[in-house]
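Observations on the three-dimensional arrangement
Listed here are the chains, written in short residue letters.
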Amino acid sequence: MKTTLDIPDKIFRRAKSQAAEQGIPLRQFVVEAIEQKLRDAPPSSQKPWMKHIGKLKHLRKETARIDKFIEDAFEAIEPELWK
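Read on for a plain summary of the structure.

So, how was this worked out
- Residues numbered from 1 in each chain as written.
- Predicted model: local features only at pLDDT ≥ 70, side-chain atom pairs only at ≥ 80, totals over all residues.
- Heavy atoms only, no water.
- Helix = DSSP H or I, 4+ residues; strand = E, 2+ residues; numbered from the N terminus.
- Areas by Shrake-Rupley, 256 points an atom, 1.4 Å probe, with all protein chains shown as cover.
- Buried < 20%, exposed > 50% of the residue type's maximum accessible area, 1.4 Å probe, protein only.
- Polar contact = N/O pair within 3.5 Å; in protein donor to acceptor, adjacent residues only side chain to side chain.
- Salt bridge = Lys/Arg side-chain N within 4 Å of Asp/Glu carboxyl O.

Bringing the overall build of the protein chain into the picture now. Counting its regular elements, the protein chain contains three helices and zero strands. Mapped from its N terminus to its C terminus, the protein chain presents α and β elements in the order α-α-α. Working note: accessible area of the protein chain is about 8400 Å², and carbon and sulfur atoms make up 59% of it.

Our next topic: the environment of Gln 28. If you trace the backbone, Gln 28 turns up in helix H2 (residues 26–40). Gln 28 gets classed as partly exposed once you look at its relative accessible area, which sits at 33%. Among the polar contacts listed, one links the side chain of Gln 28 to the side chain of Glu 32, at a separation of 2.8 Å.

To continue, consider the pattern of salt bridges. If you walk through the whole model with that rule in mind, you get two salt bridges. A salt bridge links Arg 65 to Glu 62, with the shortest nitrogen-to-oxygen separation between them at 2.8 Å. Here Glu 62 and Arg 65 lie together in helix H3 (residues 60–77), a separation of three residues that amounts to about one turn. Salt-bridge contacts for Lys 68 lead to Asp 72; the nearest nitrogen and oxygen are separated by 2.9 Å. Of this pair, Lys 68 and Asp 72 both sit in helix H3, separated by four residues, roughly a single helical turn. A relative accessible area of 46% places Lys 68 in the partly exposed class. With relative accessibility at 36%, the residue Asp 72 sits in the partly exposed group.

In structure tokens:
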């Protein structure tokens, strides 16, 4: 299938240069780049942000420690609000 793409000049020059270094036509370079992008993409049923769930679990104790420190500081500043 033929199509027309609007590629920024800087990216076009880099792609053309990379293709030349690899000894392949620009068309092949672009097709391979698209194939790789599609291969690396998460399945459409999976939300991209889901891969980050639980990544900060190791900070829960530190967060609790900081929350306790803040609570103690506010209690010292305005003790009547914490009774």
